[in-house]
Amino acid sequence: MAWPPCSPPGRRTIHHMKLHVSHLTRYDYGQSVHFSPHLLYLRPRETPHLRVNSFGFNIAPEAKLVWTRDSHDVLLAWAYFWAPAAAFNIRSEFEVETFDTNPFDFILRSYAIKFPFNYEPLEKFNLAPYLAPPSAETQALLRHWLDEHFIDRPAETTPFLSALNQLLHETLHYLSRNEVGIQSSRRTIELGSGSCRDYAVFFAELCRTLGLAARFVSGYHYDPEPDSPANSSMHAWVEVYLPGAGWKGLDPTHGLWCDDSFVPIAHAAVAESVNPIQGSYYSPVLVPAKLTASVLVEKLS
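Note that the structure is predicted; figures quoted are calculated from it, not measured.

Chemist: Please explain helix α4 (residues 157-171) as it appears in this structure.
Modeler: Turn by turn, an α-helix covers 3.6 residues, leaving residues three or four places apart pointing in a common direction. The end-to-end C-alpha separation of α4 is 21 Å, in line with the 21 Å expected for 15 residues at 1.5 Å each. Within the sequence span of α4, burial applies to Thr157, Thr158, Phe160, Leu161, Leu164, Asn165, Gln166, Leu167, Leu168 and His169. Residues of α4 that are buried sit in contact with α3 (136-149), α6 (196-209), β10 (235-242), β11 (246-251) and β12 (256-257).

Following this line, the structure appears as structure tokens:
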């Protein structure tokens with residue numbers, strides 16, 4: 001199933017807050033169809049910086065839910081259907097409290113203060129999926145792009161990442177794409193544009209090419225502007241592993257480090273593996289489908 005549109009760029013400074021999120025996905029079919037088991041990445045990722053106060057699903061047709069964790073230790077639900085239907089609805093609704101007000105509240109290990117640095121052997125072993133670089137051809141393109149656009153590179157790791165994050169925000173042109181899938185880094189370079197998920201994949205592959213462990217993150221982002229499109233769509237960004245700090249979120253679409261206005265849902269080494277809703281329908285005849293999706297992100301306090 002397709003990624004929904006994502007939030008466009010903007011700049012906001014937000015503090016500790018409570019957020020309410022409602023996310024509806026509906027498919028209408030030309031006639032009744034049967035459904036394969038569906039994989040759902042829709043529950044917030046609970047951490048010391050994010051507390052889930054309530055969460056619930058409303059699914060039609062009726063489904064049996066089985067909760068489990070994937071290979072990246074991300075919580076997900078499998079939905080099993082037994083009755084055919086001409087419409088398919090999944091609404092997730094939750095309330096969270098976020099505490100990651102200052103994204104720079106960390107102390108790097110001494111060997112990681114300057115960039116580039118090398119991960120310690122055990123770290124490198126554990127981070128292998130997130131260090132795997134793109135193909136040699138893509139790496140060459142990415143290094144050429146960096147040489148052309150990232151001339152004055154800070155010597156310290158945190159300013160280096162801040163500058164690289166800001167560079168993508170300022171250099172690329174944001175587009176809300178409704179097409180299925182994620183465009184390649186090559187395509188992003190050719191077009192000079194992309195959606196939030198394209199920015200995130202591009203940024204992650206740049207980091208891995210430079211020797212930094214990076215992973216793709218999907219979730220939601222709150223913007224205090226009442227009419228902001230950010231409050232009506234899902235979002236995507238990147239987390240980079242920094243020794244001493246752990247996984248730190250950076251959002252190249254907005255050029256920001258992630259604070260308590262971001263609600264992560266799932267992370268992975270490969271972006272396509274954490275599409276929010278994954279599954280299919282089947283019928284003995286060709287049946288058209290129409291997708292309707294809506295997201296509402298609201299601040300409660």
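And the narrative resumes.
Chemist: Which parts of the structure should I look at to understand the environment of Leu250?
Modeler: Secondary-structure assignment places Leu250 in strand β11. Linking Leu250 and Pro133, residues 117 residues apart in sequence, is a C-alpha distance of 19 Å. For Leu250, the contacting residues outside a window of four places in its chain are Leu161, Asn165, Phe203, Trp237, Val238, Val240, Leu256, Trp257 and Cys258.

Chemist: Help me understand the environment of Leu19, please; the structure alone is not making it clear to me.
Modeler: Topologically, Leu19 is positioned in strand β1 (residues 17-35). For the pair Leu19 and Met234, spaced 215 residues apart in the sequence, the C-alpha separation amounts to 14 Å. Not counting chain neighbours up to four residues away, the residues in contact with Leu19 comprise Phe94, Glu95, Val96, Tyr222, Asp260, Val263, Glu298, Lys299 and Leu300.

Chemist: How do you make sense of the sheet that holds β10 when you look at a structure like this?
Modeler: In a beta sheet, neighbouring strands pair by backbone hydrogen bonds and run either parallel or antiparallel. The antiparallel open sheet is built from five strands, whose spatial order is β12-β11-β10-β9-β13. Only two strands of the sheet have a single neighbouring strand rather than two, namely β12 and β13 (262-268). Judged from the six bridges that link them, strand β9 (residues 214-221) and β10 form a sheet pairing that is antiparallel. Pairing of Phe216 across the sheet is with Val238, part of β10. Contacting β9, β10 and β11, α6 runs over the sheet at an angle of about 15° to β10.

Chemist: Explanation requested: the packing of aromatic side chains in the structure shown.
Modeler: Enumeration according to the criterion identifies 26 aromatic pairs in this entry. Ring geometry for Phe57 versus Trp67: centroids 5.9 Å apart, planes at 15°, classification stacked. Here Trp67 lies in strand β4 (residues 63-69) and Phe57 lies in strand β3 (residues 50-60), a separation of ten residues in the sequence. The exposure class of Phe57 is partly exposed, given its relative accessible area of 22%. On the numbers, 6.3 Å between centres and 45° between planes, the contact of Tyr119 with Tyr241 is tilted.

Chemist: When you look at the environment of Ala136 in this model, what are you seeing that I'm missing?
Modeler: Turning to its location among the elements, Ala136 is positioned in helix α3. Here Ala136 falls in the exposed class, since its relative accessible area comes to 63%. Sequence separation between Ala136 and Thr209 is 73 residues; the distance between their C-alpha atoms is 9.5 Å.

Chemist: Looking at this structure, I do not really get the pattern of salt bridges. What am I missing?
Modeler: If charged atoms from side chains of opposite charge come close, those side chains can pair. Using the criterion set out here, one finds twelve salt bridges in the structure. Across the pair Glu46 and Arg43 runs a salt bridge, and its minimum N-O distance is 3.9 Å. The exposure class assigned to Glu46 is partly exposed, which follows from its relative accessible area of 45%. Salt-bridge contacts for Glu239 lead to Arg215; the nearest nitrogen and oxygen are separated by 2.8 Å. Note that Glu239 is positioned in strand β10 and Arg215 in strand β9, a separation of 24 residues in sequence. With respect to class, Glu239 is no different from Arg215; both count as buried. Beyond isolated ion pairs, a larger network of salt bridges with shared partners links Glu137, Arg186, Arg187 and Glu190.

Chemist: I'm lost on the sheet that holds strand β5 (residues 75-81) in this one. Help?
Modeler: Strand order in the open sheet formed by four strands is β4-β5-β2-β14, with antiparallel pairing between adjacent strands. Each end of this open sheet is capped by a strand with a single partner; those strands are β4 and β14 (277-278).

The rules we used
- Residues numbered from 1 in each chain as written.
- Predicted model: local features only at pLDDT ≥ 70, side-chain atom pairs only at ≥ 80, totals over all residues.
- Heavy atoms only, no water.
- Helix = DSSP H or I, 4+ residues; strand = E, 2+ residues; numbered from the N terminus.
- Expected span 1.5 Å × (residues − 1).
- Buried < 20%, exposed > 50% of the residue type's maximum accessible area, 1.4 Å probe, protein only.
- Contact = heavy atoms within 4.5 Å.
- Pairing = 2+ DSSP bridges.
- Axes fitted to C-alpha atoms, helices over the stretch in contact; angles between N-to-C directions.
- Phe/Tyr/Trp six-rings, centres within 6.5 Å; stacked < 30°, edge-to-face > 60°.
- Salt bridge = Lys/Arg side-chain N within 4 Å of Asp/Glu carboxyl O.

Interpretation note: all reported values are geometric properties and have no functional meaning in isolation.
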